[in-house]
Amino acid sequence: MRRFLTVVIVVPLLVLFVVFAVANRHFVTVSFDPFNAVDPALSVSIPLFALIIAVAILGVIAGGCATWIGQRRWRRAARRHLADAEAARAQGAQLSAAVRANQGPSQSLVPAAPARLFAPYGRDKQGAAL
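All values derive from a computational prediction rather than experimental measurement.

Go over the overall build of the chain, please, and point to the residues and values.
Of the regular secondary structure elements, the chain holds 3 helices and 2 strands. Counted from the first residue to the last, the chain has its helices and strands arranged as α-β-β-α-α. Split by element, the accessible area of the chain, about 11300 Å² in all, is 68% carbon and sulfur.

Right, here's the structure in full:
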């Protein structure tokens, strides 16, 4: 399925990028000087396709960073829940060890049932302990 999606989506996009790059090879001047538009101090001449692709890449990176920052609440909650689960597992292990230490060979988890209540050995018809 992944290979199919790659062929259906990525290959046409690559073709579009190549066609766009060939059609827009002329150079444009990008100015970073907002005060002097006629003779800018900070300007760069680059091909138009390179400018548009660079801006698209920067947009994807900025969107990814914004999404990552926006999800910090969920990552924090996941870390907190993981710590709570580990603490509960440790407490359960301690309680199990304490029960095993206090339980002697004569003690049983299933109490003995009175004679002829449901079935022998303290279990009902479905096998549940009484």
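From this point, things continue past the structure.
How would you explain a positive patch on the surface if you had to name every residue and give the values?
A contiguous patch of positive charge, built from Arg72, Arg73, Arg76, Arg79 and Arg80, is present on the exposed surface. Mapped onto the elements of the fold, Arg73 is located in helix H3 (residues 72-102).

Explain the side chain of Asn24 to me, using residue names and the numbers behind them.
Along the chain, Asn24 falls in the loop between helix H1 (2-23) and strand S1 (27-31). With a relative accessible area of 15%, Asn24 lands in the buried category. Sequence-distant contacts of Asn24, defined by excluding residues within four places in its chain, comprise Leu48 and Phe49.

Could you give an account of the confidence of the model for the chain, naming the residues involved and the relevant values?
Here the chain averages 83 in pLDDT, while 79% of its residues score no lower than 70. Ranking the helices and strands of the chain by mean pLDDT puts H3 first, with 94, and H1 last, with 87.

Got a sec to walk through the side chain of Asp33? Specific residues and values, please.
Here Asp33 lies in the loop between S1 and strand S2 (43-47). No salt bridge is formed by the buried Asp33; its nearest oppositely charged neighbour, Arg25, is found at 30 Å. For Asp33, the side chain forms a polar contact with the main-chain nitrogen of Ala41, separated by 3.2 Å. The contacts of Asp33, once residues within four sequence positions are left out, are Pro40, Ala41 and Leu42.

Describe H1, and please don't skip the residues or the numbers.
Since the α-helix advances by 3.6 residues per turn, residues separated by three or four positions end up pointing in the same direction. In this model H1 runs 31 Å from its N-terminal to its C-terminal C-alpha over 22 residues, within 8% of the 32 Å that 1.5 Å per residue would give. In the structure, H1 departs most strongly from a straight axis at Val10, where the bend amounts to approximately 25° and where the proline Pro12 lies between one and four residues downstream.

About the criteria used
- Residues numbered from 1 in each chain as written.
- Predicted model: local features only at pLDDT ≥ 70, side-chain atom pairs only at ≥ 80, totals over all residues.
- Heavy atoms only, no water.
- Helix = DSSP H or I, 4+ residues; strand = E, 2+ residues; numbered from the N terminus.
- Areas by Shrake-Rupley, 256 points an atom, 1.4 Å probe, with all protein chains shown as cover.
- Patch = residues over 30% accessible without salt bridge, like charges linked within 9 Å, V, L, I, M, F, W, Y side chains within 5 Å.
- Salt bridge = Lys/Arg side-chain N within 4 Å of Asp/Glu carboxyl O.
- Lys, Arg positive; Asp, Glu negative; His and termini not counted.
- Charge placed at Lys NZ, Arg CZ, Asp CG, Glu CD.
- Buried < 20%, exposed > 50% of the residue type's maximum accessible area, 1.4 Å probe, protein only.
- Contact = heavy atoms within 4.5 Å.
- pLDDT = per-residue confidence, 0-100.
- Polar contact = N/O pair within 3.5 Å; in protein donor to acceptor, adjacent residues only side chain to side chain.
- Expected span 1.5 Å × (residues − 1).
- Bend = angle between axes of the 7 residues up to and from the residue.

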